[in-house]
Number of protein chains: 2
Amino acid sequence: MRRAAGGTATHGEPVTESAEAQSVGRMSQNATPTLEEVARAAGVSRATASRAINGLPYVSERAREQVARAVEVLGYRTNQVARSLATKRTGSIALVMSEPGNFVLSDPFFARVLRGIYSGLSGSQMQLVLLMNNEQDEEDGFARYLCGGHVDGALVVSLHGEDPLPGLLVDAGLPVVLGGRPLARVDAPYVDVDNFNGASSAARHLIDIGRRRVATIAGPEDMSVGMDRLSGWRRGMAGTGIATDAVEHGDFTMEGGAAAMRRLLRNHPDLDAVFAASDLMAVGAMQVLHAAGRRIPEEVAVVGFDNLDIAPTMSPPLTTVRQPIEEFGRTMTWRLLAQLEGETGLPPSIMLPTELVRRAST
Amino acid sequence: MRRAAGGTATHGEPVTESAEAQSVGRMSQNATPTLEEVARAAGVSRATASRAINGLPYVSERAREQVARAVEVLGYRTNQVARSLATKRTGSIALVMSEPGNFVLSDPFFARVLRGIYSGLSGSQMQLVLLMNNEQDEEDGFARYLCGGHVDGALVVSLHGEDPLPGLLVDAGLPVVLGGRPLARVDAPYVDVDNFNGASSAARHLIDIGRRRVATIAGPEDMSVGMDRLSGWRRGMAGTGIATDAVEHGDFTMEGGAAAMRRLLRNHPDLDAVFAASDLMAVGAMQVLHAAGRRIPEEVAVVGFDNLDIAPTMSPPLTTVRQPIEEFGRTMTWRLLAQLEGETGLPPSIMLPTELVRRAST
DNA sequence: CCGGGCCCTGGAAGCGCTTTCAGCGTACCC
DNA sequence: GGGTACGCTGAAAGCGCTTCCAGGGCCCGG
């Protein structure tokens, strides 16, 4: 459409091949010039022009200069689509968020993952393309886009349940790295943080400081990160003889955490500690606890998960499980790029460590 | 390898083919089949297969069925890159944020813009691709990506100063719609909200309720949205004889708003009202005012801009200038899609109305 | 003087798709 | 019966690029 002028011009002439030198070809200076035109202007063949532009060897200094000048004069920019078709590489990878965009956008966790990804990308000539699930949209367009050759590979984060997407991508032969262990059986490498041990140490810590009625605000039941932190918490509680029935699920948001906390207070008014599976949920929980007049940490100790920037600024500062968020993004990126480079012997999965950070909320 | 595949496909050497599939095709079953192979399997020509797949007319029911079956059996998916090269359309548009990703990601304003964009996109078969500025990265890769034919058009939001990007895109013939009036002279359509009148009405409102020392926390000086709200505020103050020297700039974030508020209190301790050019900055300002012991609205009236979801939940609930955020995104999208469809007579710019929403903070 | 490198070059063959165009059979209407 | 219209089809010509390959200079050692 935007090159309609060039197209019709070419078609209008009942041209044979020999009509090439027509100034008609130049007339379309509005449309992006092609390599062909650059080559002609530089007085070389398309092959040489291509080599010159791509900095390949076996191009004389003179040819190189002439091509450079022609590129400058004509304002040439290589058509990436054509290049992709010829090379079968696009120079870009996708970050797929299986989560409604507006949800992701307000989560500081993802902002930091993204920063890590960009940092892992720097130096490579790769462009990052973000794809988010439109709320009501079937994610079919996604798979079509990704498998259609638009990108060289994909990072998929925030998987829910048995999301078929990774399977589709893998089947299509697209290199994929998952952020977080998938719940479904998928033959794709993933990077994860040690949610289990992190949650376990959080629970132990609460026991160690003498709490005897420990609740948890768990993550979604359809995400491994939610389930792993829940089982980690159970593991931490195991053998203490303390009940582990005070469990409510949230969706990792503040509101979700607040709602879960309200349910916990109603069902288990005697609780003296709560482990929230994300800092954001801990924020919501603490607001509810404050509103309910429970003092933190005297009456209720609170532990979060993530160690977001807000954790130390809360009142009281939040004890939480630190996870290396930027590192998480960076590692996924590294893993994908390495795979794209054809490196072999890459680990099928990578686990990043977590660590309890004690502050005043416990 | 290419040659081998072609050979076996042509004359169906079952032995060789299956052996090859067993040994090599393990990781990505077979290379994705091409339209050629589908056509052969369906017993039709490539042209007919293409028509069948794209739902074009002039295909017999029988052919259609056979192609569908072949697609199913072979697991064919059309190569979008090849299709793009042939059609010069990609079926996707970009949303470009001239802002470090982690910044954008934590701003609820963008989340809502995004929602609006998706809503404007629904029904069209377009994919949205997000591009954000990596912090330290030169945005050259951006322009290359966008002009390289990866997308059919671009929405560009959050422009700063004389950002050359829109100009580059327009020069390359890429349809572009800007979100917010550009400061530089760019020949691209834009959608904007009526920042000027919104800010003006905010100032007037503060005058109307009897304030006589009205300050403002303005937005960045290199963004039109910042400047327009500042001049709107000045306009609202004009003719009242009240000084308009109490101006500090922030970056639309809470922290920026808080810092600006501190500066205002230091330089103009007698202020009795403040107009913050964004709700987020108003939040920061109110925190500082609370901390400084100034009562809102008795001692200092506060007006924001945006009418984010948090505005009514603040204490006191924030008087603010409502802008139709989702509508903003939706309109940009509509404008771009219309342009892509070749509609003519489209307005070069569209202005959306704003409106003061009075709450308890004034 | 000749054979064998080494540079550099252009012709040409794709990459996988769409779309034009000419052609064919069938049906329909004078 | 011939003309026209219509539905369907496949050959072929691209889209703009990369890359293989053969070949032509040139310099070298023999």
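The structure presented is a predicted model; accordingly, all values stated were derived computationally and were not measured. (Residues numbered from 1 in each chain as written. Chains lettered and ligands numbered in written order. Predicted model: local features only at pLDDT ≥ 70, side-chain atom pairs only at ≥ 80, totals over all residues. Heavy atoms only, no water.)

**Regarding the overall build of chain A**
Argument step 1. When you go through chain A residue by residue, the secondary structure sums to 15 helices and 12 strands.
Argument step 2. Per element, the accessible surface of chain A, about 16200 Å² overall, is 50% carbon and sulfur. (Helix = DSSP H or I, 4+ residues; strand = E, 2+ residues; numbered from the N terminus. Areas by Shrake-Rupley, 256 points an atom, 1.4 Å probe, with all protein chains shown as cover.)

**Here's the deal with the confidence of the model for chain A**
All names here are of chain A.
Argument step 1. On average, residues of chain A score 87 in pLDDT, and 88% of them are at 70 or above.
Argument step 2. Averaged over each element, pLDDT in chain A is lowest for helix α1 (residues 4–12) (31) and highest for strand β8 (residues 273–276) (98).
Argument step 3. In this model residues 1–29 is a low-confidence stretch, pLDDT under 50, and it forms 21 contacts with partners more than four residues away in sequence or in other chains. (pLDDT = per-residue confidence, 0-100. Contact = heavy atoms within 4.5 Å.)

**Some remarks on the nonpolar core**
Argument step 1. Core analysis: the biggest nonpolar cluster contains 56 residues, and L95(A), L128(A), L130(A), L95(B), L128(B) and L130(B) have the highest contact counts within it.
Argument step 2. Of all hydrophobic cores here, the second largest spans 44 residues; its members include V129(A), V151(B), L159(B) and L174(B). (Core = buried A, V, L, I, M, F, W, Y, C linked by side-chain atoms within 4.5 Å. Buried < 20%, exposed > 50% of the residue type's maximum accessible area, 1.4 Å probe, protein only.)

**Here we look at the relation of the copies chain B and chain A**
Argument step 1. Superposing chain B onto chain A requires a rotation of 180° together with a translation of 0.1 Å along the rotation axis, leaving an RMSD of 0.1 Å. Such values leave the two copies arranged in the relation of a two-fold axis.
Argument step 2. Both copies share a contact surface, since 76% of the interface residues of chain B are interface residues in chain A too. (Least-squares fit on C-alpha atoms with pLDDT ≥ 70 in both.)

**Notes on the pattern of salt bridges**
Argument step 1. Under the defined criterion, the tally for this structure stands at 26 salt bridges over all chains.
Argument step 2. Three or more residues are tied together by salt bridges with common partners; here these are R112(A), R115(A), D309(A) and E326(A). (Salt bridge = Lys/Arg side-chain N within 4 Å of Asp/Glu carboxyl O.)

**Observations concerning the packing of helix α3 (residues 35–42) of chain B against helix α4 (residues 46–53) of chain B**
Residue and element names in this part refer to chain B.
Argument step 1. For the pair α3 and α4, the least separation of the axes is 8 Å and the interaxial angle reads 100°. Here α3 is positioned roughly perpendicular relative to α4, judged by the angle of their axes. On α4, the residues touching L35, E36 and A39 of α3 are R46, A49, S50 and I53.
Argument step 2. The residue inventory of the contact of α3 with α4, partitioned by class, reads 4 nonpolar, 1 polar and 2 charged. (Axes fitted to C-alpha atoms, helices over the stretch in contact; angles between N-to-C directions. Parallel < 35°, antiparallel > 145°, perpendicular 65-115°, else oblique. Nonpolar A, V, L, I, M, F, W, Y, C, P; charged D, E, K, R; others polar.)

**Topic: the packing of aromatic side chains**
Residues and elements named next belong to chain A.
Argument step 1. What the rule picks out here adds up to 5 aromatic pairs over all chains.
Argument step 2. Taking the centre distance of 5.5 Å and the plane angle of 80° together, the rings of F109 and F110 count as edge-to-face.
Argument step 3. Between F275 and F305, the aromatic rings sit 6.3 Å apart at their centres with planes inclined by 55°, giving tilted as the arrangement. On the criterion of sequence distance, the pair formed by F275 in strand β8 and F305 in strand β9 (residues 301–306) is long-range, its members being 30 residues apart. As far as burial versus exposure is concerned, F275 and F305 are alike and both buried.
Argument step 4. Connected via pairs of aromatic rings, a cluster forms that spans F109, F110 and F328.
Argument step 5. Over the ring of F305 we find R229; its NZ or CZ atom is 3.7 Å from the centre of that ring. (Phe/Tyr/Trp six-rings, centres within 6.5 Å; stacked < 30°, edge-to-face > 60°. Lys NZ or Arg CZ within 6 Å of the ring centre and 35° of its normal.)

**Some words on the sheet that holds β9(A)**
Residue and element names in this part refer to chain A.
Argument step 1. Spatially, 6 strands are ordered β7-β6-β8-β9-β10-β12 in an open sheet, and the strand pairing comes out mixed. Each edge of the open sheet carries a strand with a single partner, namely β7 (247–249) and β12 (355–357). Averaged over all adjacent pairs, the angle separating strand axes in this sheet is 20°, with direction ignored.
Argument step 2. With 3 bridges joining them, strand β6 (residues 214–218) and β7 adopt parallel strand pairing. What sits directly across from T216, in β7, is V247.
Argument step 3. Packed on one face of the sheet, helix α14 (residues 279–291) meets β6, β8, β9 and β10 (319–322) and runs near 155° to β9. (Pairing = 2+ DSSP bridges.)

**Observations regarding the side chain of T48(A)**
Residues and elements named next belong to chain A.
Argument step 1. In this fold, T48 is placed in helix α4 (residues 46–53).
Argument step 2. Classification of T48 by relative accessible area gives buried; the value is 18%.
Argument step 3. Ignoring sequence-local partners within four residues, the contact set of T48 consists of V59 and A63.

**Some details on the sheet that holds strand β12 (residues 355–357) of chain B**
Residue and element names in this part refer to chain B.
Argument step 1. Taking strand neighbours across the sheet as the criterion, the 6 strands line up as β7-β6-β8-β9-β10-β12 in an open arrangement whose pairing is mixed. Of all the strands in the sheet, the pair left with one neighbour each is β7 (247–249) and β12. The mean angle between the axes of side-by-side strands here comes to 20°, regardless of whether they run parallel or antiparallel.
Argument step 2. Pairing of strand β8 (residues 273–276) with strand β9 (residues 301–306), which is carried by 3 bridges, proceeds in the parallel orientation. Paired with A273 across the two strands is A301, which belongs to β9.

**So, the interface of chain B and chain A**
Argument step 1. Listed as interface residues are 51 residues of chain B and, on the opposing side, 45 residues of chain A.
Argument step 2. At the boundary of chain B with chain A, total buried surface from both sides reaches about 4300 Å², with 58% on carbon and sulfur atoms.
Argument step 3. For the pair chain B and chain A, the interface holds 5 residue pairs in polar contact (both at pLDDT 80 or more).
Argument step 4. Those elements that provide at least two residues to the side of chain B that touches chain A are α6 (80–87), α7 (101–105), α8 (108–121), β2 (127–133), α9 (140–150) and α15 (325–340) of chain B.
Argument step 5. No other element matches α9(B), which puts 8 residues into the side of chain B that touches chain A. (Buried area = accessible area lost by both parts, 1.4 Å probe. Polar contact = N/O pair within 3.5 Å; in protein donor to acceptor, adjacent residues only side chain to side chain.)

**A word on helix α13 (residues 254–267) of chain A**
Residues and elements named next belong to chain A.
Argument step 1. Helix length check: α13, at 14 residues, gives a terminal C-alpha distance of 20 Å against a target of 20 Å (1.5 Å per residue), a fit within 8%.
Argument step 2. Within the span of α13, buried status applies to G256, G257, A258, A260, M261, L264 and L265.
Argument step 3. Considering only its buried residues, α13 is in contact with β6, β7, β8 and α14. (Expected span 1.5 Å × (residues − 1).)

**Points about the protein's contact with DNA strand D**
Argument step 1. Surveying the vicinity of DNA strand D reveals 27 residues, the closest of which are L35(A), R46(A), S50(A), Y76(A) and S60(B).
Argument step 2. A share of 64% of the atoms of DNA strand D within 4 Å of the protein falls on sugar and phosphate groups.
Argument step 3. At 2.9 Å from a phosphate oxygen of DNA strand D is found a main-chain nitrogen or oxygen belonging to S45(B).
Argument step 4. For DNA strand D, a phosphate oxygen lies 2.7 Å from a polar atom in the side chain of S60(B).
Argument step 5. For the surface near DNA strand D, the elements supplying multiple residues, two or more each, are α4 and α6 (80–87) of chain A together with α4 and α6 of chain B.
Argument step 6. Tallied by class, the residues present in the surface near DNA strand D amount to 12 nonpolar, 9 polar and 6 charged. (Near = heavy atom within 4 Å.)

**Considerations on the pairing of strand β3 (residues 153–157) of chain A**
Residues and elements named next belong to chain A.
Argument step 1. Counting buried positions along β3 yields 5 of 5 residues, so the element is predominantly enclosed.
Argument step 2. On β3, burial covers both faces: G153, L155 and V157 on one face and A154 and V156 on the other are all buried.
Argument step 3. In this sheet, strand β4 (residues 176–179) lies alongside β3 in parallel orientation, the contact comprising 4 bridges. Its bridge partner being in β4, L155 is matched across the sheet by V177.

**Examining the layout of surface pockets**
Argument step 1. Estimated volume of the second largest pocket: approximately 2200 Å³.
Argument step 2. Along its surface, the second largest pocket is lined by 45 residues, and S106(A), M254(A), S106(B), M254(B) and I310(B) are the ones closest to its centre.
Argument step 3. Listed by contribution, the elements that provide at least two residues to the lining of the second largest pocket are α7 (101–105), α8 (108–121), α13 and α14 of chain A together with α7, α8, α13 (254–267) and α14 (279–291) of chain B.
Argument step 4. In terms of residue class, the lining of the second largest pocket is made up of 21 nonpolar, 14 polar and 10 charged. (1 Å grid on protein atoms, 1.4 Å probe; cavity = no way out; pocket = protein on both sides within 12 Å on 5 of 7 lines; lining within 4 Å. Points joined across faces, edges and corners; volume = space filled by probe spheres on them.)

**Quick word on the protein's contact with DNA strand C**
Argument step 1. Taken together, the neighbourhood of DNA strand C is formed by 29 residues, with S60(A), L35(B), R46(B), S50(B) and Y76(B) sitting nearest.
Argument step 2. Each atom of DNA strand C within 4 Å of the protein belongs either to a base or to sugar and phosphate, the latter forming 64%.
Argument step 3. Contact distances for DNA strand C include 2.9 Å between a base nitrogen and a side-chain N or O atom of R51(A).
Argument step 4. Y76(B) places a polar side-chain atom, nitrogen or oxygen, 2.4 Å from a phosphate oxygen of DNA strand C.
Argument step 5. Listing elements by their share of the surface near DNA strand C, those giving two or more residues are α4 and α6 of chain A together with α4 and α6 of chain B.
Argument step 6. Across the surface near DNA strand C, the residue classes break down as 12 nonpolar, 10 polar and 7 charged.

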